[in-house]
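# What the coordinates show
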Amino acid sequence: MKKKLAVLLAGTMVMASLVGCGGGDAAPAETSAPAAETPAEEEEAPAPEAEEEAPEADDAAETEAPAASGDTISVGFAQVGHESDWRAANTQNYQDAFSEANGYELSFVDADNDNAVQLEAVRNFIQQEMDYICIAPIETAGWDTVLQEAQDAGIPVLIVDRSVDADPSLYTTQIGCDMVAEGEMAGNWLGEYLDGAEAKILVIEGSVGASATLGRTEGFNNIAAQHSEWEILDSQSGDFTQAGGQEVMESFIKSYSDFNVVVCQNDNEAYGAMDAMDAAGITYGVDGDVIIISFDATHDGLQYTLDGKINCNVECNPLQAEFAAEVIQKLQAGEAVDAQTVVTDQAFVAPGITSQYAVTMTQEVLDGRAY
Ligand code: GYE
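Residues numbered from 1 in each chain as written. Predicted model: local features only at pLDDT ≥ 70, side-chain atom pairs only at ≥ 80, totals over all residues. Heavy atoms only, no water.

### Considering the confidence of the model for the protein chain
Mean pLDDT over the protein chain works out to 86, with 81% of the residues at or above the 70 mark. Note that residues 1–17 has pLDDT below 50 and, in this model, 76 contacts with residues that lie over four places away or in other chains. Confidence drops under pLDDT 50 across residues 21–69; counting only partners more than four residues distant or on other chains, this segment forms 110 contacts. (pLDDT = per-residue confidence, 0-100. Contact = heavy atoms within 4.5 Å.)

Shown next as structure tokens:
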């Protein structure tokens, strides 16, 4: 990670089918989570194994909300890994929301971007008779069998952050950002910014098979298809990591001498891409030769946007655990829950750029960024 990430867990969150997230001009939420300052861990995440144990044998449907009854709710969370600053903030957010003080016992597994490890984690949660299972699926594909197993065991499953291509009747709800909309936002901003000028575009995609990658690619391509003056020269996975972004950019630089746009599907990849361009003497950002688009709009990513190094940064809010907790509380109370919660995003652009699609960065916006 580029620099230490201070996570200020103050959410601006509302539970609804469509929920906004913070920053800039868009007025988000009516409710705020209490602010708590928690430095995200710098060290590597723990080995992929369940940290803890104890199945709660309670039948979820018959259990009262913990605040009312004092009962602990067991939640297994099969997390993608620790590939990015976004992920670190998302993990911290879950660990805070599903704390013992809040009445939960959280079993957290970092799957280290390995599908087999993630599937095994979910099977362990089923075996341990967790009350609820949250899955942030590494890939969209391959979930039907294990979701059926969870359903057969009577355990509600929340698909969080990313999505799956399984039959929705196999899980209880999905919570996350609209990745296609994010990609379209990036494309629409670029169209407006270039105003008919030619674009030779290089794309550093996220992890292969992830809904975040598939959606952002699809959304951007939807807009690119409307621009005959744009050419996507190449599109390769940087695995959502800084090292991956740097490696892909280095190979792009070897293969292509003429490009003017680099789309990085997350901030960490953008940091790596910038390092590769620095080393090659290629200038970028508002005063440079290459336009950089990034996704996530984490604190550090927005710092680069404020500094004019990243031209446009499309947000994806990692603070989603409160929505999952709210779904669980509703299920505990026997209430119906929405099949999907879409966390809405906005885009941010460097100072000097004005856009109908994005908020122009200021120090104030940066100061308000909690992750
Ligand atoms: O953009 C990236 C992370 O699934 C939305 O995963 C998430 C993505 C996020 O590694 O930084």
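### What to know about empty space enclosed by the protein
Enumeration over the complete set of coordinates arrives at two cavities of 30 Å³ or more. Forming the boundary of the largest cavity are 13 residues, of which Trp 86, Arg 87, Arg 162, Phe 240 and Asp 296 lie nearest the centre. Breaking the lining of the largest cavity down by element, the ones donating at least two residues are helix 2 (85–97) and helix 6 (211–224). Both domains that furnish three or more residues to the lining of the largest cavity are identified here as domain 1 (2–176 + 319–338) and domain 2 (179–316 + 347–367). (1 Å grid on protein atoms, 1.4 Å probe; cavity = no way out; pocket = protein on both sides within 12 Å on 5 of 7 lines; lining within 4 Å. Points joined across faces, edges and corners; volume = space filled by probe spheres on them. Helix = DSSP H or I, 4+ residues; strand = E, 2+ residues; numbered from the N terminus. Domains from an automatic or database assignment.)

### Some thoughts on the side chain of Asn 93
Along the chain, Asn 93 falls in helix 2. Among the polar contacts made by the side chain of Asn 93, one reaches the side chain of Glu 322 at a distance of 3.3 Å. (Polar contact = N/O pair within 3.5 Å; in protein donor to acceptor, adjacent residues only side chain to side chain.)

### Focus: the site of the ligand
Near the ligand there are 13 residues, and of these Glu 83, Arg 162, Arg 216, Asn 266 and Asp 296 occur at the shortest range. Arg 87 places a polar side-chain atom, nitrogen or oxygen, 2.9 Å from an oxygen atom of the ligand. A distance of 2.5 Å separates an oxygen atom of the ligand from a polar side-chain atom of Asp 296. Contact with the protein chains removes 100% of the 300 Å² of surface that the ligand exposes when unbound. Mapping the ligand onto the cavity grids shows that it belongs to the largest cavity. Where the shell around the ligand is concerned, the elements lending two or more residues are helix 2 and helix 6. Among the residues making up the shell around the ligand, the classes are represented as five nonpolar, two polar and six charged. Two domains share the shell around the ligand, each providing at least three of its residues, namely domain 1 (2–176 + 319–338) and domain 2 (179–316 + 347–367). (Near = heavy atom within 4 Å. Areas by Shrake-Rupley, 256 points an atom, 1.4 Å probe, with all protein chains shown as cover. Sits in = over half its atoms within 2 Å of the grid points. Nonpolar A, V, L, I, M, F, W, Y, C, P; charged D, E, K, R; others polar.)

### Comments concerning the environment of Leu 306
Mapped onto the elements of the fold, Leu 306 is located in helix 9 (residues 299–306). Of the residues examined, Leu 306 reaches a relative accessible area of 17% and is grouped as buried. Residues Leu 306 and Met 361, 55 residues apart in the sequence, show an inter-C-alpha distance of 5.4 Å. (Buried < 20%, exposed > 50% of the residue type's maximum accessible area, 1.4 Å probe, protein only.)

### Description of the pattern of salt bridges
A complete count under the given rule lists nine salt bridges for this structure. Ionic pairing is found between Arg 87 and Asp 161, a salt bridge with its closest N-O pair at 2.7 Å. Note that Arg 87 is positioned in helix 2 and Asp 161 in the loop between strand 7 (157–160) and strand 8 (173–177), a separation of 74 residues in sequence. According to the relative accessible area criterion, Arg 87 is buried, its value standing at 2%. As a salt-bridge pair, Glu 231 and Lys 200 come within 3.7 Å of each other at their nearest N and O atoms. (Salt bridge = Lys/Arg side-chain N within 4 Å of Asp/Glu carboxyl O.)

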